[in-house]
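The chain contents come next:
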Amino acid sequence: MGSRVYTREQLDAALASMGVTDQTDVSRYGSGHINDTFKVETRRGVRYILQRVNTDIFPQEMLKANILRVTQFLKAKGVKSLEVVGYENPWRLYAFLEGYTSVDIVTSPREAALAAGAFAKFQNDLADLPAPRLGDIIPRFHDTVDRLRLLDEAAAADVAGRRSGVSAELAFVDARRDEAAKIVKMLEKGEIPERITHNDTKINNVMLAPDGTNVVIDLDTTMPGSALYDFGDMVRTSTAAAAEDERDLSKVYSRKEYFEALVRGYLAEARFLTEAEKANLAFSGRLITLTIGIRFLTDYLAGDTYFRTAYPEHNLVRAHTQFRMVESMEAQAGEYERIVRTASGEIRA
Ligand code: ADP
Ligand code: GN1
Ligand code: MG
């Protein structure tokens, strides 16, 4: 869908409900696909991030409870995190992270390693979050089998009349159905552990500062999951040579030296990983990238109701880049497996 439009009165009322009345400017901010995000400037010189949570996607009360628990727990530990200034569903106000920036494409292997370390530390920091279990914000979020079911349903319903134009894309997915259940099955059988994970580790969800410090943001999907999905989504976004919506597919591929930096940055911090998890790190990159591609294609078939789009073919373009990334990772699979094995051996030693 396109961006929702808000009146000045709506934005002012949301800010007033959270105690801010001296705003001098409120403007759209960032390139997230889900929430409506604004940067707020005030007469005091203090800046904020104002967000309207996407109420079509998130159960609002559960989301608020999860976010408050996670941010308060991290704060009590002395870990820099999002600072919640106000939360009045569906609106919330975060302190603006001054001095940090987010990027949509990783520009150096060092940046990839830093981001990987940040998400590994995030998982580690939350490992001892006291009971109860965090709410499952979007059940079966990364379950590829379920995502295939939703794709099949969208193709059968064909509400937007786009099915006949995506036969090649559907065939690409069909050729890879056998791999879909692997991580879900391992989780079910207890072969890999459930952990509290971020579940949306794309590169623009970590804010970086020039001195290498960082803050993990976009905590909406922080819930029980697998470390493999978190690592896989980093491979998807942090090794990509081009933007998620690049139209020129000759520019889209997974960069081996970035993959290596990612693996090393992750393993150095994620000392908690089991052997079974390590053995599936390279595979997880291919699987999550296929899964996100399936989700873009599904949304295209459904008429663009989930991800924010800027033009009619946007979700299809995004599906194409994901499938090209999958092909690139498949072509380098042997090499990627070797990189993980070598790094695991060295970092353990
Ligand atoms: P979405 O769920 O739509 O992706 P995010 O929470 O990721 O929304 O926010 C979108 C973008 O806004 C981020 O990629 C980041 O650039 C910026 N952003 C979010 N929170 C902050 C913050 N506290 N300080 C500065 N920038 C932020
Ligand atoms: C969405 O919110 P954002 O833009 O960081 C999506 C992720 C996808 C990503 C693809 C809640 O992330 O799952 O991987 O787009 N978030 C949700 O870019 O669905
Ligand atoms: Mg985001």
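Residues numbered from 1 in each chain as written. Chains lettered and ligands numbered in written order. Predicted model: local features only at pLDDT ≥ 70, side-chain atom pairs only at ≥ 80, totals over all residues. Heavy atoms only, no water.

Entries for the protein in the domain assignment read domain 1 (8-95) and domain 2 (109-343). On a C-alpha basis, the centroid separation for the pair domain 1 and domain 2 is 26 Å. Each side of the interface is counted separately: domain 1 has 25 residues, and domain 2 has 31 residues. With both sides pooled, the region where domain 1 packs onto domain 2 buries about 2,300 Å², and carbon together with sulfur makes up 60% of that total. Together, His33, Arg69 and Phe73 form the three largest contributors to the area buried by domain 1 at its contact with domain 2, with a combined 29%. At the boundary of domain 1 and domain 2, one finds three salt bridges. (Domains from an automatic or database assignment. Contact = heavy atoms within 4.5 Å. Buried area = accessible area lost by both parts, 1.4 Å probe. Salt bridge = Lys/Arg side-chain N within 4 Å of Asp/Glu carboxyl O.)

Let us now look at unusual backbone geometry. Glycine aside, residues mostly have negative phi angles, and peptide bonds mostly take the trans form. That bond from Asn89 to Pro90 is cis: its omega, 5°, falls within 30 degrees of zero. As for its position among the elements, Pro90 is in the loop between strand E4 (84-88) and strand E5 (91-95). The omega torsion across Ala131 and Pro132 is 5°, close enough to zero to call that bond cis. Its place among the elements puts Pro132 in the loop between helix H3 (109-126) and helix H4 (144-157). Positive phi is not limited to glycine here, since Asn199 has a value of about 75°. By secondary structure assignment, the location of Asn199 is in the loop between strand E6 (195-197) and strand E7 (206-208). Within the chain, Asp218 stands out as a residue other than glycine whose phi angle is a positive 50°. For Asp218, the position within the fold is in the loop between strand E8 (214-216) and strand E9 (223-225). (Helix = DSSP H or I, 4+ residues; strand = E, 2+ residues; numbered from the N terminus.)

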